[in-house]
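Coordinate analysis (summary)
Here's the letter readout for the chains.
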Amino acid sequence: MASSNSVPVVLVISLVISCFVIAFGGNFHQDFDITWGDGRGKILDNGQLLTLSLDKASGSGFQSKNEYLFGKIDMQLKLVPGNSAGTVTAYYLSSQGSTHDEIDFEFLGNLSGDPYILHTNVFSQGKGDREQQFYLWFDPTADFHTYSILWNPQRIIFSVDGTPIREFKNAESLGVAYPKNQPMRIYSSLWNADDWATRGGLVKTDWNEAPFTASYRNFNANACVSSSSSCTSSSSNSWLNEELDSTSQERLKWVQKNYMIYNYCSDSKRFSQGVPPECAINTSA
C-alpha cells in the first residue's frame, strides 16, 4: 500500500494519458448491455430510453460496454413510483475482485408518501464503510433527474441536477487508498432488498404493486476509456482537474445541512476508536 500511495498526482495524471477521452451521447444500444432479468430490462425508443423492472421472480440490471478510468458520468433516472418499500435502484461505477473500487448511488424505496433515501458510498481497494445518506428536495418518481459522478485524481463529487451533495477527496497523504488505478464499468440494477432497505427491513415489499419499474435516459460520459490512447488535460477534459468553486461549496453545505440524514464521519458510536482518517478533509456542514 505504501508504494502505490506514494505516487504523486502528476504521475497519476501521466498514467491517465494512456486512456482515450470520449463523450457519449446516450444511445443505450451502443453504450450498454442488459445483463440479467430475463427480459425485464428493455431498451426502447431507438436506444433513447432504458427501463428496468422487478417482480417477485426477479429484478434486472445492465452494465456499460466500456470501462472508464476517471471521467464525468451523467444519467437521468426516474425512480419506482408509489409504494416502493423494499426495493433498491442501484447506479454505480465498479471494478471487479476482492480489492475492487466502487462509487455508489443507491436509491432506497419507501412507502407511498415517505421520501426515498439516497445512499452513497465509496470503496477503495475493497474497503467501503463510507456511507452518507440524503433525502432529496423533490419527488424523484415524478420526473427524470440527473445524477452525476465526477471522478478525477483529486476528488469524487456526487451531484444531483448539477447540485453537489458529496465530495470525497483523495486522502492518500493520510494513508487512505483512493480509486485511481482500476478501470470501472457503469452498472445499474433494480432488485428486492426488503431484508434491510426500508426501515432496517421492517417494511417488506408489497408484491401486489409489482412490477416495479425505473427508467433511464440521457446518458453522457466525458471520460477516459481504458482501451486506447491520448487522454489529456485539455479544455474539453477540464473535469480532470475540476474542483468545487465557492458557489458549489455553498450549495454542498446547503444540501448537507438540510438533507443529509447519515454521515459515517459523525458516527462516533460506530467508530468508537475514532472516525476514519479521511474524515479530517471530507468534513460536512
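Predicted model only: the values in this text are computed from it and were never measured.

Re the sheet that holds strand β16 (residues 260–263)
Sheet architecture is open: eight strands sit in the order β2-β5-β14-β7-β8-β9-β10-β16, paired in antiparallel fashion. Either end of the sheet is taken by a strand with one partner, and the two such strands are β2 (32–36) and β16. This sheet shows a mean twist of 15° between the axes of neighbouring strands, independent of strand direction. Two elements, β2 and strand β5 (residues 60–64), share four bridges in a ladder whose sense is antiparallel. By the bridge assignment for β5, Asp-33 is matched with Gln-63.

Focus on the UniProt feature "glycosylation site" (unreviewed entry) in the chain
In the numbering used here, UniProt assigns the "glycosylation site" (unreviewed entry) feature to Asn-110. Note on placement: Asn-110 falls in the loop between β8 (102–108) and β9 (117–123). With relative accessibility at 10%, the residue Asn-110 sits in the buried group. Residues in contact with Asn-110, not counting those within four places in the same chain, are Gly-82, Asn-83, Ser-84, Ala-85, Pro-115, Thr-198 and Arg-199.

Some words on the UniProt feature "active site" (unreviewed entry) in the chain
According to UniProt, the "active site" (unreviewed entry) feature falls on Glu-102 and Glu-106. We classify Glu-102 as buried; its relative accessible area is 13%. Every residue in contact with Glu-102, bar those within four places of it in the chain, is listed here: Tyr-92, Leu-93, Ser-94, Asn-121, Val-122, Phe-123 and Met-184. A distance of 2.9 Å separates a polar atom in the side chain of Glu-102 from a polar atom in the side chain of His-100. Topologically, Glu-106 is positioned in strand β8. Glu-106 has contacts with Val-88, Thr-89, Ala-90, Ile-117, Leu-118, His-119, Trp-191 and Trp-196, leaving out every residue within four places of it along the chain.

Some remarks on the environment of Trp-239
Looking at where Trp-239 falls in the secondary structure, it is placed in the loop between β15 (212–225) and α4 (246–258). Exposure remark for Trp-239: the relative accessible area of 2% places this residue in the buried category. Within the structure, Trp-239 has its side chain in polar contact with the side chain of Asn-222 (distance 3.2 Å).

Looking at the state of the cysteines
Enumeration over the complete set of coordinates arrives at one disulfide. Here Cys-265 pairs with Cys-279 through a disulfide, and the sulfurs are 2.0 Å apart. Its torsion about the S-S bond being -85°, the disulfide of Cys-265 and Cys-279 is classed as left-handed. Taken together, the residues span a long stretch of sequence, with Cys-265 in the segment after β16 and Cys-279 in the segment after β16 at a distance of 14 residues. As far as the burial class goes, Cys-265 and Cys-279 line up, both buried.

Quick look at the pattern of salt bridges
Here the structure, examined in full by the defined rule, presents eleven salt bridges. The salt bridge involving Arg-40 is made with Asp-55; its shortest N-O contact spans 3.0 Å. With Arg-40 in the loop between β2 and β3 (41–44) and Asp-55 in the loop between β4 (49–54) and β5, the pair connects residues that are 15 residues apart, well separated along the chain. Taking relative accessible area as the criterion, Arg-40 reaches 17% and is therefore assigned buried. The partner of Glu-172 in a salt bridge is Lys-180, with the nearest N and O atoms 2.8 Å apart. With relative accessibility at 10%, the residue Glu-172 sits in the buried group.

Calculation rules
Residues numbered from 1 in each chain as written. Predicted model: local features only at pLDDT ≥ 70, side-chain atom pairs only at ≥ 80, totals over all residues. Heavy atoms only, no water. Pairing = 2+ DSSP bridges. Helix = DSSP H or I, 4+ residues; strand = E, 2+ residues; numbered from the N terminus. Axes fitted to C-alpha atoms, helices over the stretch in contact; angles between N-to-C directions. UniProt positions renumbered as here; feature names shortened; annotations may be inferred. Buried < 20%, exposed > 50% of the residue type's maximum accessible area, 1.4 Å probe, protein only. Contact = heavy atoms within 4.5 Å. Polar contact = N/O pair within 3.5 Å; in protein donor to acceptor, adjacent residues only side chain to side chain. Disulfide = S-S within 2.5 Å. Salt bridge = Lys/Arg side-chain N within 4 Å of Asp/Glu carboxyl O.

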